[in-house]
Amino acid sequence: MENRTSFGLDAGAYRTFRPVYPDALYEWLAGLCRQRKAALDCATGNGQAALSLVEYFDRVVATDADAAQIASAAAHDRIEYVVVAAEELPSDIGLFDLVTIAQGAHWFELEKFYDRLQPLLAPAAVIAIWGYSHCRINAQIDPILDRCLVQAVDPYWAQGNRVIMDHYRAIPFPWNEIEAPEFVMREHWDRDAFFGYVRTWSSYKRLIAAGSPDPLIELVRQLDADALWPHDVKQQVEFDIHFRVGRGNE
């Protein structure tokens, strides 16, 4: 398994450049819950999901294996941040009506995580795993992104990343499954913001560490040559969100 604490090296970049999940996603999840006393957000990173969950739940516990990510998270008086691996959740942190894992379950030892999670679930608790992979911009830019960037970094993705690229379809999920509606993240980014996002990719960092040519250089050249994305223009960047959602026992 990849060392999840390595992501802390870019805690600030993750906070700045990662896309934001829509409010409608949290509203839908909260609406599934019988009660809204407490939510648990595992692999919280910089606390993005936790800060949204606190709008719906009396108490939120947000955990991550990476102390640097937790240190970069925004403080809130109803969020308790805990540095702990998901597979080592303490037994005394309470019962939860909702458990979320956003863009993180592909790094877990899931069977071990589920064993630790089971005693922490309130009756009929909701468990939601979600994430996203490649984005889209428009019909002119997308083929260039694929050719210059997506294909270049593909050999450098870890196996965990490929789990999410498969939309979590192959993971074990021992809960009573709930069909999720479609949710899309939309960001309006200029090129610098988009490139900042790309530089948070683990595959991009591995490619650069291996001494391969920086694919962003060729990407910029082609975007400039075709005048498809001027430097000071914002484009809508869309990400489909992939879900596994289920309910625990009564």
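Structure: above.
Rules used throughout
Within each chain, residue numbers correspond to sequence positions counted from 1 in written order. Local features in a predicted model are, by the rule used here, given only for residues with pLDDT of at least 70; side-chain atom pairs are given and counted only at 80 or more, and totals for whole chains, interfaces and linings are based on all residues. Water and hydrogen atoms play no part in the side-chain values, which are based on all heavy atoms of the structure. Only strands that DSSP links by at least two bridges are regarded as paired with each other. Here a helix means four or more residues in a row that DSSP labels H or I, a strand means two or more in a row labelled E, and each is numbered from the N terminus. For helices, the axis comes from a line fit to the C-alpha atoms of the stretch in contact; other axes are also lines fit to C-alpha atoms, and the angle between any two N-to-C directions lies between 0 and 180 degrees. For this analysis, a nonpolar core means a set of buried residues of the types Ala, Val, Leu, Ile, Met, Phe, Trp, Tyr and Cys, connected via side-chain atoms within 4.5 Å. The buried label applies to any residue whose accessible area, calculated with a 1.4 Å probe on protein chains only, is under 20% of its type's maximum; exposed applies above 50%, and partly exposed to all values in between. Throughout, a residue-residue contact means that at least one pair of heavy atoms, one from each residue, lies within 4.5 Å. Orientation is classified from the angle alone, with under 35 degrees giving roughly parallel, over 145 giving roughly antiparallel, 65 to 115 giving roughly perpendicular, and any other angle giving oblique. By convention the crossing between two helices is left-handed if the near helix lies anticlockwise of the far one by an angle smaller than a right angle, and right-handed if it lies clockwise. Note on residue classes: Ala, Val, Leu, Ile, Met, Phe, Trp, Tyr, Cys and Pro are nonpolar, Asp, Glu, Lys and Arg are charged, and everything else, Gly too, is polar. Note on ring pairs: Phe, Tyr and Trp rings are taken, using the six-membered ring of Trp, and paired if centres are within 6.5 Å. Classes follow the plane angle, with under 30 degrees stacked, over 60 edge-to-face and the rest tilted. Cavity and pocket criteria rest on a 1 Å grid covering protein atoms alone: a 1.4 Å probe that fits but cannot get out defines a cavity, protein on both sides within 12 Å along at least 5 of 7 lines defines an open pocket, and an atom within 4 Å of a point defines a lining residue. Grid points are joined across faces, edges and corners, and a volume is the space filled by probe spheres set on the points.

Enquirer: So what's going on with the sheet that holds strand β6 (residues 176-178)? Residues and values would help.
Expert: Taken in spatial order, the seven strands of this open sheet run β3-β2-β1-β4-β5-β9-β6, and their pairing is mixed. Lying at the two open borders of the sheet, with one neighbouring strand each, are β3 (79-83) and β6. Looking at each pair of strands side by side, their axes are set apart by 20 degrees on average, direction ignored. Inspection of the sheet shows strand β1 (residues 38-42) paired to strand β2 (residues 59-64) by five bridges, in the parallel sense. Counterpart to D41 in the pairing with β2 is A62.

Enquirer: Can you explain the nonpolar core? Please cite residues and give values.
Expert: Residues Y21, L25, L29, W130, F194, L219 and V245 are the most contacted members of the largest nonpolar core, which totals 53 residues. Beyond its immediate chain neighbours, meaning those up to four positions away, F194 contacts C135, I137, L145, L149, W189, L219 and W229. Membership of the second largest hydrophobic core comes to 28 residues, among which are V82, V84, F108 and I171.

Enquirer: So what's going on with the packing of helix α8 (residues 191-198) against helix α10 (residues 215-225)? Residues and values would help.
Expert: Contact geometry for α8 and α10: axes closest at 12 Å, N-to-C directions at 155 degrees. By the angle between their directions, the pair α8 and α10 is classed as roughly antiparallel. Remark: the crossing between α8 and α10 carries right-handed chirality. Along the contact surface, α8 presents R191, F194, F195 and V198, while α10 presents L216, L219, V220, L223 and D224. Of the residues assigned to the contact of α8 with α10, the class counts are seven nonpolar, no polar and two charged.

Enquirer: Give me the lowdown on the environment of A73, citing residues and values where you can.
Expert: Looking at the element boundaries, A73 is found in the loop between α4 (67-71) and β3. The class for A73 is buried, based on a relative accessible area of 14%. Leaving out residues up to four positions away in the same chain, A73 has contacts with N46, G47 and Y81.

Enquirer: I'd like to hear about the packing of aromatic side chains, residue by residue, with values.
Expert: Applying the stated criterion across every chain, the model contains 19 aromatic pairs. Relative to W130, the ring of Y26 lies with its centre 6.1 Å away and its plane at 75 degrees, an arrangement referred to as edge-to-face. Of this pair, Y26 sits in helix α2 (residues 23-32) while W130 sits in strand β5 (residues 121-131), and the two are 104 residues apart along the sequence. Seen in terms of ring centroids, Y132 and F239 are 5.3 Å apart; in terms of plane orientation they differ by 75 degrees. Their pairing is edge-to-face. Here the residue Y132 occupies a position in the loop between β5 and α6 (141-153), and F239 occupies one in strand β8 (residues 235-240), the gap between them amounting to 107 residues. The burial state of Y132 is the same as that of F239; both residues are buried.

Enquirer: Which residues make up the layout of surface pockets, and what values do they have?
Expert: Here the largest pocket is characterised by a volume of approximately 170 Å³. Along the walls of the largest pocket sit H167, R169, A180, P181, E182, F183, D240, I241, H242, F243 and R244, which together make up its complete lining. When residues of the lining of the largest pocket are assigned to their parent elements, the largest contribution, three residues, is made by strand β9 (residues 242-247). Its residues assigned to classes, the lining of the largest pocket comprises five nonpolar, two polar and four charged.

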